[in-house]
Amino acid sequence: QVQLVESGGGLVQPGGSLRLSCTASRGAFGAFVMGWFRQAPGKGREFVAGLSRTGRNTNYADSVKGRFTISRDNAKSSVNLQMNSLKPEDTAVYYCAAKFQPFEDTIPRDEVDYPSWGQGTQVTVSS
């Protein structure tokens, strides 16, 4: 497993932007598929975006396609989530997740497939 630390959450007005970052504690970061999930009050945790270990493949929830962009820097053991055109319904705690997957370039969308999680960072979209 790997320890993950998120940063970059906060309060933003509708239509604004935020950039979330997640840094991993160990090496071999390039062998991990990375995902971002979110959990709104009273709701279950849902998949937001994922990035394969090579960075060649991405996967997004329909609700964020065209607005959010996931990227990674394996040299810095970090993954980012650029969120643009934010809406009030994007309000949630956002979690970074990692799965050790050294031989596949696929992206799981189910939270049960990710053994490692960050502590979460709050994103609030409100005027």
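Residues numbered from 1 in each chain as written. Predicted model: local features only at pLDDT ≥ 70, side-chain atom pairs only at ≥ 80, totals over all residues. Heavy atoms only, no water.

Enquirer: Is there a simple way to explain the packing of aromatic side chains in this structure?
Expert: Think of a pair of aromatic rings as described by two things: how far the centres are apart, and how the planes are tilted against each other in angle. What the rule picks out here adds up to 6 aromatic pairs. Where Y114 meets W117, the ring centres are 6.4 Å apart and the plane angle is 65 degrees; that geometry is what we call edge-to-face. Taken together through their ring pairs, the aromatic side chains of F37, F47, Y95, Y114 and W117 make up a single cluster. Above the ring of Y95, the side-chain terminus of R45 is found at 4.8 Å from the ring centroid. (Phe/Tyr/Trp six-rings, centres within 6.5 Å; stacked < 30°, edge-to-face > 60°. Lys NZ or Arg CZ within 6 Å of the ring centre and 35° of its normal.)

Enquirer: Is there a simple way to think about the sheet that holds strand β1 (residues 4-7) in this case?
Expert: Strands belonging to one sheet form pairs held by backbone hydrogen bonds; the direction of such a pair is parallel or antiparallel. Overall, antiparallel pairing links the 4 strands, which are arranged β1-β3-β8-β7 in an open sheet. In the strand order of this sheet, the two ends are held by β1 and β7 (68-73), each with one partner. Taken pair by pair, the neighbouring strands of this sheet meet at an average axis angle of 15 degrees, ignoring direction. (Pairing = 2+ DSSP bridges. Helix = DSSP H or I, 4+ residues; strand = E, 2+ residues; numbered from the N terminus. Axes fitted to C-alpha atoms, helices over the stretch in contact; angles between N-to-C directions.)

Enquirer: Please explain the state of the cysteines as it appears in this structure.
Expert: Covalently bonding the sulfur atom of one cysteine to the sulfur atom of another cysteine gives a disulfide. Within the structure shown, the criterion is met by 1 disulfide. Across the disulfide, C22 is cross-linked to C96 (sulfur-sulfur distance 2.1 Å). Judged by the sign of its S-S torsion, about -75 degrees, the cystine formed by C22 and C96 is left-handed. Of the two residues, C22 sits in strand β3 (residues 18-24) while C96 sits in strand β9 (residues 92-100), which places them 74 residues apart along the sequence. Pair check on accessibility: C22 and C96 agree, each one buried. (Disulfide = S-S within 2.5 Å. Buried < 20%, exposed > 50% of the residue type's maximum accessible area, 1.4 Å probe, protein only.)

Enquirer: Sorry if this is basic, but what is going on with the environment of S116 here?
Expert: By secondary structure assignment, the location of S116 is in strand β10 (residues 116-117). Taking the relative accessible area as the measure of exposure, S116 reaches 2% and is therefore buried. It is 30 Å that separates the C-alpha atoms of S116 and G16, two residues lying 100 residues apart in sequence. Discounting residues that sit within four places of it in the chain, S116 has contacts with Q1, V2, L4, C96, A97 and A98. (Contact = heavy atoms within 4.5 Å.)

Enquirer: Explain the pairing of strand β11 (residues 121-125) to me, please; I cannot follow it from the model alone.
Expert: Consecutive side chains along a regular strand alternate between the two faces of the sheet. What you see with β11 is a clean split: T121, V123 and V125 sit on the buried side and Q122 and T124 on the side with no burial. Relative to β11, β9 runs antiparallel, the two being bridged by 3 bridges. Among the inter-strand pairings, A92 is bridged to a residue of β11, identified as V123.

Enquirer: Can you walk me through the environment of V125 in this structure?
Expert: Mapped onto the elements, V125 comes out in strand β11. Judged by relative accessible area, V125 falls into the buried class, the value being 4%. Here the alpha-carbon distance between V125 and G16, two residues 109 residues apart in the chain, equals 8.3 Å. Residues contacting V125, with those up to four places away along its chain left out, are V12, Q13, P14, L86, K87, P88, D90 and T91.

Enquirer: How do you make sense of the layout of surface pockets when you look at a structure like this?
Expert: Any empty space left between the atoms is revealed when a probe the size of a water molecule rolls over them. In this structure, the largest pocket spans a volume of roughly 170 Å³. Every residue lining the largest pocket is listed: R38, A40, K43, G44, E46, S63, R67, K87, P88, E89, D90 and T91. Among the residues making up the lining of the largest pocket, the classes are represented as 2 nonpolar, 3 polar and 7 charged. (1 Å grid on protein atoms, 1.4 Å probe; cavity = no way out; pocket = protein on both sides within 12 Å on 5 of 7 lines; lining within 4 Å. Points joined across faces, edges and corners; volume = space filled by probe spheres on them. Nonpolar A, V, L, I, M, F, W, Y, C, P; charged D, E, K, R; others polar.)

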